[in-house]
Amino acid sequence: MEPYKIKMIEPLPMLTREQRSEALRSADYNLFRLRADQVTIDLFTDSGTGAMSAEQWAALMLGDESYAGARSFFRFERVVRDLTGHPHVLPTHQGRAAERILFSSLLRPGQASVSNTHFDTTRANVELAGGRAIDLPCEAAADLDGKEPFKGDLDAAALESLLAGGAYVGCVIVTVTNNAGGGQPVSMANLRAVREICDRYGVPFFLDAARFAENAYLITQREPGYAAHTPRQVAEEMFALADGCVASLKKDGIANIGGLITLRSQELADRCRELLIATEGFPTYGGLAGRDLEVLARGLVEVTDPAYLRHRADTAAWFAAELEAAGFPCVRPAGCHAVYVDARRVLPHVPPERFPAQALACELYVEGGIRGFEVGTLSFGGPDGPAPYELLRLALPRRVYTRGHLEHVVRSAAAIAARAGSISGYRITRAPQSLRHFTAELVPA
Ligand code: F0G
């Protein structure tokens, strides 16, 4: 059960099926274009959508809004240093600002950043800084049904041969958990192996720590030798292996906004701070209000509560199993922050160029007012062909929806699965050159 109770509520928009069909048509079948008051259950993202605790709301009032040297910054800095052991703590307004500042300060033109999988903004910021983003996911990641516990691992052998071959690599960044790769965790053994290889070749090693606590919890559950560790101890060990991190704190900071860079290197921190001042804000607020820093200082401690993480992981596993029983096969094993429905198996008759995951997303909206996120050919395909997978991500905002809400999603999925054969795909009528999924207009094909 939820290890918390509800103190404040927000009514859900309830529309009729006709109203939803009309809303979707007006949105040109692109769920980004829906208004929030047209969505009943919003599983679009777990980013910035969490519910704060009473402690966090109370802390908000302690926000010190001084431009320089704010008390709130020093509280935030202490919490982050205790967690990561990294001496330099730079707040940013969200994760992608941290990425931009780190990569612009670190990478030389043509230098590569190597990752298990760069999140899409991470890749974009590597490229904007003149670098090259190379993804080396482990082999098991490609098997959506495979039961391997750590499908988020980076392919350490491939990293080794890349570096041995003399590749021009500026950094390695491991995304924990691997969002783009199905929300799969990375093992401590893999982080240790990457650290060792980076040491041998003199390459700095960073974490994309957006979901560090969820990764740490899954290590306690799945990795031999860690069953007796707390998630907090595992998280500290993960950070201890890295030279620094970038993080979107809109996830495991359990806050609505925030980002972070931590570093061991004084010299790199100095360069990042220069850019931070020019583009985000003075280093003691970095684009955030003092009240945000207060909220984050509590969120970063609350998030490693074992009862909270157990409930979160159990919910995702239960949700994936129920969806599967309803006829929506999911990527296994489930992680924490989302379940990923394999749209190809629900709609085998819809080819990738007709966007099966988008078709499923539209159907789920009309059926139950539920908004999910297409992770398939609409978002990641293009001139080079279709995306490797056609997934519908149903993200789980932190501490927001109860099992009753998710049961509604499962019932809606069952209704769709029963008529899957009659569901058709979509085609694009208008789209920009890049990042087309955000604004594309579609019609049923
Ligand atoms: N890294 C990872 C692993 C992420 O999942 C995200 C955001 C970012 C970086 C960028 O952080 O949004 O604070 O600038 N993921 C969101 C999502 C958008 O829905 O998965 P940001």
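Structure shown above.
Conventions we followed
- Residues numbered from 1 in each chain as written.
- Predicted model: local features only at pLDDT ≥ 70, side-chain atom pairs only at ≥ 80, totals over all residues.
- Heavy atoms only, no water.
- Helix = DSSP H or I, 4+ residues; strand = E, 2+ residues; numbered from the N terminus.
- Rg over C-alpha atoms; globule rule 2.2 N^0.38 Å.
- Buried < 20%, exposed > 50% of the residue type's maximum accessible area, 1.4 Å probe, protein only.
- Contact = heavy atoms within 4.5 Å.
- Areas by Shrake-Rupley, 256 points an atom, 1.4 Å probe, with all protein chains shown as cover.
- Lys, Arg positive; Asp, Glu negative; His and termini not counted.
- Charge placed at Lys NZ, Arg CZ, Asp CG, Glu CD.
- 1 Å grid on protein atoms, 1.4 Å probe; cavity = no way out; pocket = protein on both sides within 12 Å on 5 of 7 lines; lining within 4 Å.
- Points joined across faces, edges and corners; volume = space filled by probe spheres on them.
- Nonpolar A, V, L, I, M, F, W, Y, C, P; charged D, E, K, R; others polar.
- Domains from an automatic or database assignment.
- Near = heavy atom within 4 Å.
- Polar contact = N/O pair within 3.5 Å; in protein donor to acceptor, adjacent residues only side chain to side chain.
- Pairing = 2+ DSSP bridges.
- Axes fitted to C-alpha atoms, helices over the stretch in contact; angles between N-to-C directions.
- Expected span 1.5 Å × (residues − 1).
- Arc of directions from axis to C-beta.
- Core = buried A, V, L, I, M, F, W, Y, C linked by side-chain atoms within 4.5 Å.

**Some remarks on the overall build of the chain**
Now for step 1: Assigned secondary structure in the chain consists of 16 helices and 14 strands.
Now for step 2: Relative to the 2.2 N^0.38 estimate, which gives 22 Å for 445 residues, the radius of gyration of the chain is 21 Å and therefore close to what a compact globule would have.
Now for step 3: With the C-alpha coordinates of the chain rotated into their principal frame, the extents come out at 60 × 55 × 45 Å.
Now for step 4: Considering the chain as a whole, with its 445 residues, one finds that 57% of them fall into the buried category.
Now for step 5: Contacts in the chain between residues at least 24 apart in sequence constitute 72% of all its contacts with a sequence separation of at least 6.
Now for step 6: When the accessible surface of the chain is totalled, it reaches about 17,900 Å², and 54% of it is carbon and sulfur.
Now for step 7: Between the centroid of the 47 positive side chains of the chain and the centroid of its 53 negative side chains there is a distance of 3 Å.

**Some remarks on the layout of surface pockets**
Now for step 1: Put simply, the second largest pocket is a space of about 1,400 Å³.
Now for step 2: What lines the second largest pocket is a set of 36 residues, and nearest its centre among them are Met8, Glu10, Ala51, Arg399 and Val400.
Now for step 3: Considered class by class, the residues forming the lining of the second largest pocket number 19 nonpolar, eight polar and nine charged.
Now for step 4: Each of domain 1 (17–39 + 305–444) and domain 2 (54–302) accounts for three or more of the residues forming the lining of the second largest pocket.

**Overview of the site of the ligand**
Now for step 1: Around the ligand lies a shell of 16 residues, among which Thr45, Arg96, Asp208, Ser248 and Lys251 are the nearest.
Now for step 2: Within the side chain of Ser248, one N or O atom sits 2.7 Å away from an oxygen atom of the ligand.
Now for step 3: For the ligand, the accessible surface in isolation is 470 Å², of which the surrounding protein chains cover 93%.
Now for step 4: The element best represented in the shell around the ligand is helix H4 (residues 95–106), accounting for three residues.
Now for step 5: When grouped by side-chain class, the residues that make up the shell around the ligand number one nonpolar, eight polar and seven charged.

**Let's talk about empty space enclosed by the protein**
Now for step 1: Evaluated as defined, the whole model comprises three cavities of 30 Å³ or more.
Now for step 2: By volume, the largest cavity amounts to about 140 Å³.
Now for step 3: The class makeup of the residues in the lining of the largest cavity is seven nonpolar, two polar and two charged.
Now for step 4: Counted as a void, the second largest cavity has a volume near 80 Å³.
Now for step 5: Along its surface, the second largest cavity is lined by Asn30, Leu31, Phe32, Phe44, Gln358, Gly372, Phe373, Glu374, Leu378, Ser379 and His437.

**As for the sheet that holds strand S12 (residues 391–395)**
Now for step 1: One open sheet holds the three strands; their spatial order is S9-S12-S11, and the pairing between them is antiparallel. Only two strands of the sheet have a single neighbouring strand rather than two, namely strand S9 (338–342) and strand S11 (373–375). Averaged over all pairs of adjacent strands, the angle between strand axes in this sheet comes to 30°, irrespective of strand direction.
Now for step 2: When S9 meets S12, the two strands line up antiparallel, connected through five bridges. Pairing of Ala338 across the sheet is with Ala395, part of S12.
Now for step 3: Most of the contacts of helix H12 (residues 306–325) go to S9, to which it runs at about 20°, and overall it touches S9 and S12.
Now for step 4: Together, S9, S11 and S12 form the strand contacts of helix H14 (residues 356–368), whose direction differs from that of S12 by roughly 45°.

**Things to note about the side chain of Thr262**
Now for step 1: On the secondary structure map, Thr262 appears in strand S8 (residues 259–263).
Now for step 2: Looking at Thr262, its side chain comes within polar contact range of the side chain of His86, at 2.7 Å.
Now for step 3: Those residues in contact with Thr262 that lie beyond four places of it in its chain are Val80, Thr84, His86, His88, Asp243, Gly244 and Cys245.

**Side note on helix H3 (residues 71–84)**
Now for step 1: The end-to-end C-alpha separation of H3 is 20 Å, in line with the 20 Å expected for 14 residues at 1.5 Å each.
Now for step 2: Residues of H3 that are buried include every one of Ser72, Phe73, Phe76, Glu77, Val79, Val80, Leu83 and Thr84, and no others. One side of H3 carries all its buried residues, which in axial view fall inside an arc of 165°. Every exposed residue of H3 that faces more than 90 degrees away from the buried side is listed here: Arg71, Arg78 and Asp82.
Now for step 3: In the segment just after H3, Gly85 is the residue with positive phi, at about 75°.

**Focus on the sheet that holds strand S2 (residues 88–92)**
Now for step 1: Spatially, S2-S8-S7-S6-S5-S3-S4 is the arrangement adopted by the seven strands of the open sheet, whose pairing is mixed. The open sheet has two edge strands with one neighbour each: S2 and strand S4 (132–135). Adjacent strand axes in the sheet meet at a mean angle of 20° when their direction is disregarded.
Now for step 2: Across the sheet, helix H7 (residues 188–201) lies against strand S5 (169–175) and strand S6 (205–208), angled at about 145° from S6, the strand it touches most.

**What about helix H6 (residues 156–164)?**
Now for step 1: Where H6 is concerned, the buried positions are Ala156, Leu159 and Leu163. Taken down its axis, H6 places every buried residue within 55° of arc, on the same side. Exposed residues pointing more than 90 degrees away from the buried face of H6 are listed as Ala157 and Ala164.
Now for step 2: Among the structural elements, strand S3 (112–115), S5 and H7 are those in contact with the buried residues of H6.

**Some thoughts on the nonpolar core**
Now for step 1: Counting 60 residues, the largest nonpolar core has Phe76, Val172, Val174, Leu207, Phe212 and Met238 as its most contacted members.
Now for step 2: Of the residues forming this core, the biggest block, six residues, is contributed by helix H8 (residues 212–222).
Now for step 3: Residue assignment places this core across two domains, with domain 1 (17–39 + 305–444) and domain 2 (54–302) each supplying three or more.
Now for step 4: Residue contacts for Leu207: discarding those within four places in its chain leaves Ile173, Val174, Val176, Leu191, Met238, Phe239, Ala242, Gly244, Cys245 and Val246.

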